[in-house]
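# A structural walkthrough
Below, each chain spelled out in residue letters.
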Amino acid sequence: MLILTTTGYLAYKAKMTQTAAKIRSHFTGSKSNPEQRVAYFGEDIGMNTRHVTWHLEFPFWWDDAHEDHHIERKGESFFWVHHQLTVRFDAERLSNYLDPVNELHWDYVIYEGFAPHTMYKYGGYFPSRPDNVKFEDVDGVACVRDMLILESRIRDAIAHGYFTGRDGSVISIRDSNGINILGDVIESSTYSTNPEYYGSLHNTAHVMLGRQGDPHGKFALPPGVLERFETATRGLAFFRLHKYIDNIFREHKDNLPPYTKEELELPGVSIDSITISNRLETHFEDLKYSFIDAVDDTTEVQDVAVNAVVSHLMYNEFIIDIHITNKNDHRVMATLDKFWTKLARGSNKITRSSTQAGVIVPDVPSFQTLMDTRLRLSDPQKLRKRPWTAKHDGAIEGLHESTAFNQCGCYDGTYPDNQPHGYPLDRHVDDKRIFTGVSNFKVEDVKVFHMEDN
Ligand SMILES: [Cu+2]
């Protein structure tokens with residue numbers, strides 16, 4: 001449990017004085033820090049919930065033998081989810097006149113400090129770190145030199161195109177599955193091919209960064225924001241670390257051969273036009289959330305409504321119309337970016353709402369809402385795996401009916417897409433004409449506007 005210091009104090013005051021309160025919560029920091037301009041992203045409640053949930057759904061500590069279940073494409077998902085976070089943060093920065101994030105480097109100072117202004121419910125304040133701190137060895141965790149050695153072993157493996165297993169076996173990563181093996185090694189999870197040799201680059205880096213305020217435990221400070229999934233994205237250091245990790249993944253992807261025309265095309269199918277119903281716009285909206293479970297409770301004292309209100313980036317919904325011609329004399333199953341649909345012979349018009357996008361979910365209901373409505377979970381049986389005959393892409397039937405699987409897969413643990421995450425743009429594109437030369441690809445430039453006063 002963590003609490004923003006001021007909001008937390010006001011929540012307690014409301015409870016103690018038995019006065020319902022609506023508290024405005026502000027982003028951490030001050031206007032004299034340019035990074036404050038993108039605090040709305042790193043501190044977004046929905047994004048943080050999303051990040052925590054991913055780590056709980058794909059735990060690095062998951063033990064197949066103990067749980068009798070294997071999590072598919074866990075390492076690749078680790079890459080993909082953090083890649084998405086990294087590039088999206090850069091996009092937010094560019095639109096706020098900030099440079100893209102520079103990757104972390106163990107030999108350089110950590111340029112930006114961070115004062116979280118956040119406290120543990122029990123255990124004091126999250127530690128702060130001033131600007132320009134030189135990386136120090138952390139007692140009981142790792143030496144800076146160890147981190148450089150682990151990085152170098154992993155980069156060697158990428159250059160060679162294979163990892164070495166515990167028994168000395170050669171485990172190739174020069175194919176689509178390589179990213180999954182690499183992700184397991186880098187995170188690292190229990191699926192890592194050789195944790196004794198390749199270590200746990202990402203997890204150890206989080207702790208190293210989190211402890212830089214008190215590397216020798218001199219002040220007995222509690223864990224830093226980077227050591228907890230719920231708070232990690234609040235500091236710029238998270239994005240520096242993940243830019244560094246992402247660039248290692250990039251090295252691997254760039255070593256794979258570019259896709260061929262045969263791999264990209266869907267014969268007989270052409271996309272004639274794509275139109276969007278309205279201008280793409282974002283704006284800030286107030287999000288109210290309940291503090292009911294954040295303040296201490298007793299049966300003798302009545303609950304009072306304690307809510308916080310925070311600004312939250314939202315978008316205006318839109319609809320995409322896609323006109324597609326299928327010249328084949330039969331129906332074909334097609335994957336569009338990224339959903340599945342059946343194309344009839346001849347011309348097809350596909351209408352798709354932004355709310356159906358695989359990466360969009362509604363706001364997470366508050367604890368109070370869950371208690372009030374006893375939210376019924378969807379029936380997991382519906383998405384049960386069944387044999388299916390799609391040629392390349394889809395792994396389960398009925399995909400054209402399901403949404404929001406892009407980052408977590410389906411309820412039964414299957415990932416519905418057989419293609420690598422990011423396909424077909426995950427690999428190096430030597431010649432852009434490969435995309436203009438296939439009729440089933442269409443690229444449209446779109447502009448996204450941010451509306452200040454809405
Ligand atoms: Cu993460």
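Predicted, not measured: the structure shown is a model, and the values here were computed from it. (Residues numbered from 1 in each chain as written. Predicted model: local features only at pLDDT ≥ 70, side-chain atom pairs only at ≥ 80, totals over all residues. Heavy atoms only, no water.)

## What to know about the coordination of the copper ion
Those donors, H51 (NE2), H55 (NE2) and H82 (NE2), are the protein atoms that reach the copper ion, and they lie 1.9 to 2.0 Å from it. As a motif over one chain, the donors of the copper ion read H-x3-H-x26-H. One end of the pair is H51 and the other is H55, both in helix α3 (residues 45–57) and four residues apart, which spans about a single turn. A residue is classified by how much of its surface remains accessible, and H51, at 3% relative accessible area, is buried. (Donors = N, O, S within 2.8 Å, 3.2 Å for Na, K, Ca; no water. Helix = DSSP H or I, 4+ residues; strand = E, 2+ residues; numbered from the N terminus. Buried < 20%, exposed > 50% of the residue type's maximum accessible area, 1.4 Å probe, protein only.)

## A few points about the sheet that holds strand β10 (residues 306–315)
Within the open sheet, the four strands sit side by side as β2-β10-β9-β15. Their pairing is mixed. Of all strands in the sheet, those with a lone pairing partner are β2 (21–24) and β15 (448–451), marking the two edges. Across the sheet, the axes of successive neighbouring strands diverge by a mean angle of 35 degrees, strand direction being ignored. With nine bridges connecting them, strand β9 (residues 280–290) and β10 associate as antiparallel partners. If you follow T282 over to β10, its bridge partner there is Y315. (Pairing = 2+ DSSP bridges. Axes fitted to C-alpha atoms, helices over the stretch in contact; angles between N-to-C directions.)

## Considerations on the nonpolar core
Formed by 52 residues in total, the largest nonpolar core has its most connected members in W106 and I154. At the level of secondary structure, the elements contributing two or more residues to this core comprise α2 (39–42), α3, α5 (74–94), α6 (144–160), α7 (178–187), α9 (201–210) and α10 (236–254). In terms of residues, this core owes the most to one element, α10, which gives nine residues. Filtering out sequence-adjacent residues up to four positions away, W106 remains in contact with F135, V144, M147, L148, E151, A205, M208 and Y244. With 10 residues, the next largest nonpolar core counts V269, V332, L336 and I350 among its residues. (Core = buried A, V, L, I, M, F, W, Y, C linked by side-chain atoms within 4.5 Å. Contact = heavy atoms within 4.5 Å.)

## Description of the sheet that holds strand β11 (residues 319–326)
Reading across the sheet, the three strands line up as β8-β11-β14 and stay open at both edges, with antiparallel pairing between neighbours. The outermost strands of the open sheet, each flanked by one partner alone, are β8 (269–276) and β14 (346–353). The mean inter-strand angle of the sheet, taken between neighbouring strand axes irrespective of direction, is 20 degrees. Pairing geometry for β8 and β11, over seven bridges, is antiparallel. Each bridged residue has a counterpart across the sheet, and for I276 the counterpart in β11 is I320.

## Some points on the confidence of the model for the chain
The pLDDT averaged across the chain works out to 87; a share of 89% of its residues lies at or above 70. For residues 379–391, every residue scores under 50 in pLDDT, and the model assigns this stretch 21 contacts once sequence neighbours within four places are set aside. Low pLDDT, under 50, characterises residues 399–404; the predicted model gives this stretch 15 contacts beyond four residues in sequence or across chains. (pLDDT = per-residue confidence, 0-100.)

## Overview of the pattern of salt bridges
Going through the model one piece at a time under the given rule, you end up with 21 salt bridges. The partner of E35 in a salt bridge is R93, with the nearest N and O atoms 2.8 Å apart. Residue E35 is found in the loop between β2 and α2, and its partner R93 is found in helix α5; the two are separated by 58 residues along the sequence. Classification of E35 as buried rests on a relative accessible area of 16%. One continuous salt-bridge network, built from bridges that share partners, spans K15, D297 and D303. (Salt bridge = Lys/Arg side-chain N within 4 Å of Asp/Glu carboxyl O.)

## Observations concerning the packing of α7 against α10
Contact geometry of α7 with α10 gives a least axis separation of 11 Å together with a crossing angle of 150 degrees. Regarding the angle of α7 to α10, the classification is roughly antiparallel. Viewed along their axes, α7 and α10 form a crossing whose handedness is right-handed. Residues G178, I179, L182, G183 and I186 of α7 touch α10, and the partners they reach there are I245, I248, F249, H252 and K253. The residue makeup of the contact of α7 with α10, split by class, is six nonpolar, three polar and one charged. (Parallel < 35°, antiparallel > 145°, perpendicular 65-115°, else oblique. Left-handed = near helix turned anticlockwise from the far one by under 90°. Nonpolar A, V, L, I, M, F, W, Y, C, P; charged D, E, K, R; others polar.)

## A short note on the packing of aromatic side chains
Under the defined criterion, the tally for this structure stands at 20 aromatic pairs. Above the plane of the ring of F449 lies R279, whose end atom (NZ or CZ) is 3.9 Å from the centre. One Lys or Arg, R352, reaches over the ring of F339 and ends 3.8 Å from the middle of that ring. (Phe/Tyr/Trp six-rings, centres within 6.5 Å; stacked < 30°, edge-to-face > 60°. Lys NZ or Arg CZ within 6 Å of the ring centre and 35° of its normal.)

## A closer look at the pairing of β9
As paired strands, β9 and β15 are joined by four bridges and run parallel to one another. Bridge assignment links T282 to a residue of β15, and that residue is H450.

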